[in-house]
Amino acid sequence: MTRITPRAARTAAVAACAALTLSACGSTEDTASDGGGEGKVGVVLPLLTSPFWQSYNAYIPKMAKSEGVQAMKPVNSNSDPTQQITDINNQLNQGVKGLVVSPLDSAAISASLEQAERKGVPVVAVDVAPEKGKVAMVVRANNVAYGKNACDYLGGQVWNGKVVQIMGDLTSVNGRERSEAFRTCMKKKYSDLEVLEIPAKWESDTAASKLDALLNAHPDIKGIYLQAGGVYLAPTLQTLRSKGMLKKAGEKGHITIVSNDGIPEELAAIRKGQIDATVSQPADAYAKYGMFYIKAAMAGKTFKPGLTDHNSEVVKLPNGMLEDQLSAPLVTKENVNNPDLWGNTVK
């Protein structure tokens, strides 16, 4: 299987493929472009109200420097897909040579991708895969696995009764994949558990109000799956605390909680016994490989599916896009102090 190296190709395709033992050389079009991988790169963030995205934002300049990328100051679209389209167009009008974008809406982003393609500007999508359009690479963890892992963890801890998943925005492929994977797994493997659902659109206030109402109607809930700890952890703990339902792991009445993100606050909550597990979504690796792939794309590199040298696999999505599925480990009390977890390195 072809492997990928973080060394950018600056020579013709044949020479590049011969020299780069871990490279994924896709075609005879792998020759360097006029910019040779140089030029300003625009970075568009979905939001900055989540600790996860705050951490990703902080990693951008560090990883850009390490990968030799001239990244501009990131732009925050503030959870507004329409604003994100405007932000991308503004970046293109400023003459960027590459774009690293975290789409808010998997469908709406296609218009911006078309605009970038017309201008000859390569795009790397981070965290969320677009539904259509052209991107050099999607840098993302396996979101189906997120939902399955949460399902298996809760199913192994809660034998019967009711569990709830607080879902993300279903206009995002992330929200859809996590929700459907969790729902399908529960139905197939843990039929004694009843799944209740809260569509919360990555909004903390929505999560808090709907969870409060759900707990009033179903005070016997035994488990909760948070699809994004960065926005759902604080309101969930606050809601449970206000109702006298926040019990430590091992105590009678403890509600088993598994989350996604791997932010420092989640790791602290695991140590305190407030939640039981999280999936560590790699904010550091998102920034690192977002910069790596845009540098390579600007130099004319293309890629093929295959294993990488950074413990991941590039896969071809049903829509034809390539996605580097980065590792996202499950974190519990057994490994919460692992120094390799990015949430333990944030200062």
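This text gives an overview of the structure that appears in the document. (Residues numbered from 1 in each chain as written. Predicted model: local features only at pLDDT ≥ 70, side-chain atom pairs only at ≥ 80, totals over all residues. Heavy atoms only, no water.)

## Some remarks on the sheet that holds strand S9 (residues 221–226)
Sheet architecture is open: 6 strands sit in the order S8-S7-S9-S10-S11-S15, paired in mixed fashion. What marks the edges here is a single partner per strand, and that holds for strand S8 (193–199) and strand S15 (330–331). Against the sheet, helix H5 (residues 143–157) engages strand S7 (161–167), S8, S9, strand S10 (256–261), strand S11 (277–280) and S15, with an angle of about 165° to S10. Against the sheet, helix H8 (residues 229–242) engages S7, S9 and S10, with an angle of about 155° to S10. (Pairing = 2+ DSSP bridges. Helix = DSSP H or I, 4+ residues; strand = E, 2+ residues; numbered from the N terminus. Contact = heavy atoms within 4.5 Å. Axes fitted to C-alpha atoms, helices over the stretch in contact; angles between N-to-C directions.)

## Description of the packing of helix H2 (residues 51–67) against helix H10 (residues 283–298)
Running from amino to carboxyl end, H2 crosses H10 at an angle of 40°, the nearest separation of the two axes being 8 Å. In this view, H2 runs oblique relative to H10, as classed from their interaxial angle. For the element pair H2 and H10, the recorded crossing hand is right-handed. Between H2 and H10, the residues in contact are Phe52, Ser55, Tyr56, Tyr59, Ile60, Met63, Ala64 and Glu67 and Ala283, Asp284, Tyr286, Ala287, Lys288, Met291, Phe292 and Lys295, respectively. (Parallel < 35°, antiparallel > 145°, perpendicular 65-115°, else oblique. Left-handed = near helix turned anticlockwise from the far one by under 90°.)

## Digging into the nonpolar core
Counting 53 residues, the largest nonpolar core has Tyr56, Val139, Tyr286 and Tyr293 as its most contacted members. Of all the elements, H10 adds the most residues to this core, at 11 residues. Look past the residues within four positions of Tyr56 in its chain and what remains in contact with it is Leu45, Val100, Ser102, Val126, Ala283, Tyr286 and Ala287. In this structure, Ala200, Leu240, Ile255 and Ala269 belong to the second largest nonpolar core, which totals 28 residues. (Core = buried A, V, L, I, M, F, W, Y, C linked by side-chain atoms within 4.5 Å. Buried < 20%, exposed > 50% of the residue type's maximum accessible area, 1.4 Å probe, protein only.)

## Quick word on the pairing of strand S1 (residues 40–45)
Within S1, 5 of the 6 residues are buried, which leaves the element mostly enclosed by the surrounding structure. Taken together, the 4 bridges between S1 and strand S4 (residues 98–101) define a ladder with parallel strand orientation. Residue pairing in the sheet places Gly42 in a bridge with Leu99 of S4.

## Re the pattern of salt bridges
Counted under the stated rule, the structure contains 10 salt bridges. Of the charged contacts in the structure, one is a salt bridge between Glu180 and Arg183, with a shortest N-O distance of 2.5 Å. Here Glu180 and its partner Arg183 are both found in helix H6 (residues 173–189), 3 residues apart, which amounts to about one turn of the helix. Close ionic contact of Arg183 with Glu197 constitutes a salt bridge, the shortest N to O distance being 2.7 Å. Taken together, the positions of Arg183 in helix H6 and Glu197 in strand S8 put the pair 14 residues apart, joining distant regions of the chain. We classify Glu197 as partly exposed; its relative accessible area is 31%. (Salt bridge = Lys/Arg side-chain N within 4 Å of Asp/Glu carboxyl O.)

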